[in-house]
Amino acid sequence: MAQLYFRYSTMNAGKSLEILKIANNYEEQDKTVLLMTSHLDTRQGLGRIVSRVGLSRTAEAIFPDTNLLKTALDRQPVDCVLIDEGQFLTRRHVTQLCQVVDQLNIPVIVYGLRADFRNELFEGSEALFCLADKIEEVKTVCWFCNRKATMNMRIAGGKPVRTGDQILIGGNESYLPVCRRHYLDETLDLREFGFFDSSNE
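Definitions and cut-offs
- Residues numbered from 1 in each chain as written.
- Predicted model: local features only at pLDDT ≥ 70, side-chain atom pairs only at ≥ 80, totals over all residues.
- Heavy atoms only, no water.
- Pairing = 2+ DSSP bridges.
- Helix = DSSP H or I, 4+ residues; strand = E, 2+ residues; numbered from the N terminus.
- Axes fitted to C-alpha atoms, helices over the stretch in contact; angles between N-to-C directions.
- Contact = heavy atoms within 4.5 Å.
- Left-handed = near helix turned anticlockwise from the far one by under 90°.
- Nonpolar A, V, L, I, M, F, W, Y, C, P; charged D, E, K, R; others polar.
- Polar contact = N/O pair within 3.5 Å; in protein donor to acceptor, adjacent residues only side chain to side chain.

(A) Looking closely at the sheet that holds strand β2 (residues 33–38). With parallel pairing, the six strands of this open sheet are ordered in space as β5-β2-β6-β7-β1-β8. A single partner strand is all that each edge strand has here, and the edge strands are β5 (60–62) and β8 (134–137). Averaged over neighbouring strand pairs, the angle between their axes works out to 20° when direction is ignored. Along the sheet face, helix α1 (residues 15–28) touches β1 (4–9), β2, β6 (80–83) and β7 (108–113) and points at about 165° away from the line of β7. Contacts from helix α3 (residues 91–104) reach β1, β5, β6 and β7 within the one sheet, and its direction differs from that of β7 by about 155°.

(B) Examining the packing of α3 against helix α4 (residues 123–131) more closely. At a minimum axis distance of 8 Å, the contact between α3 and α4 shows a crossing angle of 35°. Along this stretch, α3 crosses α4, giving a crossing that reads as right-handed. Where α3 abuts α4, its residues Arg 91, Val 94, Thr 95 and Cys 98 lie against Glu 123, Gly 124, Ala 127, Leu 128 and Leu 131. A class-by-class count of the residues in the contact of α3 with α4 yields five nonpolar, two polar and two charged.

(C) Structural detail: the side chain of Lys 15. Inspection of the secondary structure assignment puts Lys 15 in helix α1. A polar atom in the side chain of Lys 15 sits 3.2 Å from the side chain of Ser 9. The contacts of Lys 15, once residues within four sequence positions are left out, are Ser 9, Thr 10, Tyr 111, Gly 112 and Leu 113.

And the structure:
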């Protein structure tokens, strides 16, 4: 029986690489996957899933008004739906993914962040935690020590950023995966780790 999976992590945990690997595994067995990602990240072009190791694929872009059940129906036959950047889904999107699983019997695997840089849940993540059949953590280590990273630290000008808009698209130049101890450390000096305020150069 098909299920809805939510696989969550911090930044830089290899989520995009995992989703590309799963797609390849299905396709090696002559099965069809529907790859999807948020419209928000256009750094490599609209509808691209790009891993930090350089692998990438074209994907269907998800917009706020996208009906994911209709999309799955229109792309039949589909053996699996794979979604990157699941934190940017709306609750309505997640409900539609439940319909894909329950009505079409198609497994759906969603990868995304648990929480933002303020350690607050994204709408999509919250809905997935409530509605997914299986929830799994993709683990990585803290940028500053060997503890498990559980939070995302936004950085700018060589310093941690504690306030601002929830969504700011970026990579290692803007976010670091960190453990709780380093996330809460108000005395953390990023200069000790090679981060400098470029505005002073």
